[in-house]
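Single-letter residue listing:
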Amino acid sequence: MSDVRHVLVLPDREAAEEAVEALRERFAVDEEPQVVRDALAGEDDAEDAQWLVVLRDEDGRLDAAALDEFAGEWDGWREEP
């Protein structure tokens, strides 16, 4: 087993929460993805934050290209490890 993680960067909390629900349905993820607020460097305003959805993929079964396309549905992207 490896400790592979995928990080989806999304524009706001609502998009992140919607993406988590859709991840469960579309990719049948077993473990709850983690939602994390990532404030941009030097920004104090909560509006200037990105939201990260972190999901573990120890079996390596999630396709990176499919996750890229998935994140794009919420104007986001998948961060390369």
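Bear in mind that the values here come from a model prediction, so they are computed numbers and not experimental data. (Residues numbered from 1 in each chain as written. Predicted model: local features only at pLDDT ≥ 70, side-chain atom pairs only at ≥ 80, totals over all residues. Heavy atoms only, no water.)

Caption draft 1: Structural context of the packing of aromatic side chains. Following the criterion strictly, the structure yields 2 aromatic pairs and no others. Between Phe27 and Phe70 the ring centres are 5.5 Å apart and the planes differ by 85°, which places this aromatic pair in the edge-to-face class. Linking Phe27 in helix α1 (residues 13-27) with Phe70 in helix α2 (residues 64-72), this pair joins segments that are 43 residues apart in sequence. Assessed through its relative accessible area of 13%, Phe27 is described here as buried. A relative accessible area of 1% places Phe70 in the buried class. (Phe/Tyr/Trp six-rings, centres within 6.5 Å; stacked < 30°, edge-to-face > 60°. Helix = DSSP H or I, 4+ residues; strand = E, 2+ residues; numbered from the N terminus. Buried < 20%, exposed > 50% of the residue type's maximum accessible area, 1.4 Å probe, protein only.)

Caption draft 2: Layout of α2. Within α2 the residues assigned to the buried category are Leu67, Phe70 and Ala71. With its buried residues spanning 95° around the axis, α2 presents them on a single face. (Arc of directions from axis to C-beta.)

Caption draft 3: Molecular detail of the pattern of salt bridges. A full pass over the atoms with the stated rule returns 7 salt bridges. A salt bridge links Arg24 to Glu21, with the shortest nitrogen-to-oxygen separation between them at 2.5 Å. Linking Arg24 with Glu21, this pair stays in helix α1, spanning 3 residues, or about one helical turn. Exposure remark for Arg24: the relative accessible area of 30% places this residue in the partly exposed category. Among the residues examined, Glu21 registers a relative accessible area of 42% and is labelled partly exposed. Residues joined by salt bridges that share partners form a network here, namely Glu21, Arg24 and Glu32. (Salt bridge = Lys/Arg side-chain N within 4 Å of Asp/Glu carboxyl O.)

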